[in-house]
Amino acid sequence: MLRVLAVDDEVPALEELVYLLREDPRIEQVSGAGDAAAALRDLSRMLVAGERLDAVFLDIRMPGLDGLDFTRLLTGFAEPPEVVFVTAHDDCAVAAYELGALDYLLKPVRPERLAEAVRRVDEAVRRPSRGDDDASEQPAPDEMVPVELAGRTRLVSRRAVTYVEAQGDYVRLHTDDGSYLVRMPLAALARRWEAAGFIRIHRSTLVASAHISELRFDGGRAAVQVGAELLPVSRRHTREVRDLLVRRFRHTEIDQQGRDEDD
């Protein structure tokens, strides 16, 4: 069963699209968003929560972030949903398909034409990806997190995040360029980013292990150096952090020995 998101800035059009999609027996869940920025936030929340999103049915001409720009941003996600455009404009079809859109529907939407688009989504979702057998356990090369800045949506690369702090119902992502507040639980983010090398060092702190340059002990207390920041490690997590750094050192030593032998 499919889980989809409908996006349109016109309320009557959005309500009709949601209604038609819910009538299709192949669709399990339909969510709605009034613009592309809200859709990005919904998608990010779903991914962090471990929820699946199979397809986005969206308009093209919307205020702020339009449908084409939204689709370009999806390429930054590890597992982007399929895209089906539902629009009154017939002059963007070429650009839409160049961006990898699965289908392009013109308003007013005919139920039988929407059913055909759903069929294509269903086939695409069922189709196995290349390399699934050996890549299923591999972490995604990167992931983009949408953040709101002065009414604009910006995508922050996971690779750029050095550490994360919990702040109530939010987390603050720290990068070399600044910090960004995102509404999501730290525990969910820790589970999602564990395979990418992020490690919990405190109940309120998550660190990208690749950015740890030093582990310090002072009076029985541990701390890690991450860039210019010295971050405390709780007693509960000290052994895990120490073991991680020891394993990294050993791997680095083995790799260096291998290179020396090749020389």
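What you are looking at is a predicted structure, and each value in this text was computed from that prediction instead of being measured.

Asker: Please set out empty space enclosed by the protein residue by residue, giving values where relevant.
Answerer: With the rule as written, the count across this model stands at one cavity of 30 Å³ or more. If you add up the space inside the largest cavity, you get close to 40 Å³. Lining the largest cavity, in full, are S44, L47, V48, F77, E143, M144, V145, P146 and M184. Taken together, the elements giving at least two residues each to the lining of the largest cavity come down to α2 (36–48) and β6 (144–149). Residue classes in the lining of the largest cavity are distributed as seven nonpolar, one polar and one charged.

Asker: Report on the packing of α2 against helix α3 (residues 67–74), specifying residues and quantitative values.
Answerer: Across the interface, α2 lies against α3 with an axial gap of 10 Å and an inter-helix angle of 25 degrees. The angle between α2 and α3 falls in the class roughly parallel. α3 is crossed by α2, and the crossing has right-handed handedness. In this structure, α2 contributes A36, A39, L40 and L43 to the contact, and α3 contributes F70, L73 and L74. Looking at the contact of α2 with α3, its residues break down into seven nonpolar, no polar and no charged.

Asker: Which residues make up the packing of aromatic side chains, and what values go with them?
Answerer: In total, this model carries three aromatic pairs according to the counting rule given. Look at F85 and Y104: their rings are 6.2 Å apart centre to centre, the planes differ by 50 degrees, and that puts the pair in the tilted class. Here F85 is found in strand β4 (residues 82–87), whereas its partner Y104 is found in strand β5 (residues 103–106), with 19 residues between them in sequence. The residues F85 and Y104 share a single accessibility class, namely buried. Aromatic pair Y97 and Y104: ring centres 6.4 Å apart, planes at 40 degrees, arrangement tilted. Using a relative accessible area of 40% as the deciding quantity, one classes Y97 as partly exposed. Taking relative accessible area as the criterion, Y104 reaches 9% and is therefore assigned buried.

Each value, and the rule that gives it
- Residues numbered from 1 in each chain as written.
- Predicted model: local features only at pLDDT ≥ 70, side-chain atom pairs only at ≥ 80, totals over all residues.
- Heavy atoms only, no water.
- 1 Å grid on protein atoms, 1.4 Å probe; cavity = no way out; pocket = protein on both sides within 12 Å on 5 of 7 lines; lining within 4 Å.
- Points joined across faces, edges and corners; volume = space filled by probe spheres on them.
- Helix = DSSP H or I, 4+ residues; strand = E, 2+ residues; numbered from the N terminus.
- Nonpolar A, V, L, I, M, F, W, Y, C, P; charged D, E, K, R; others polar.
- Axes fitted to C-alpha atoms, helices over the stretch in contact; angles between N-to-C directions.
- Parallel < 35°, antiparallel > 145°, perpendicular 65-115°, else oblique.
- Left-handed = near helix turned anticlockwise from the far one by under 90°.
- Contact = heavy atoms within 4.5 Å.
- Phe/Tyr/Trp six-rings, centres within 6.5 Å; stacked < 30°, edge-to-face > 60°.
- Buried < 20%, exposed > 50% of the residue type's maximum accessible area, 1.4 Å probe, protein only.

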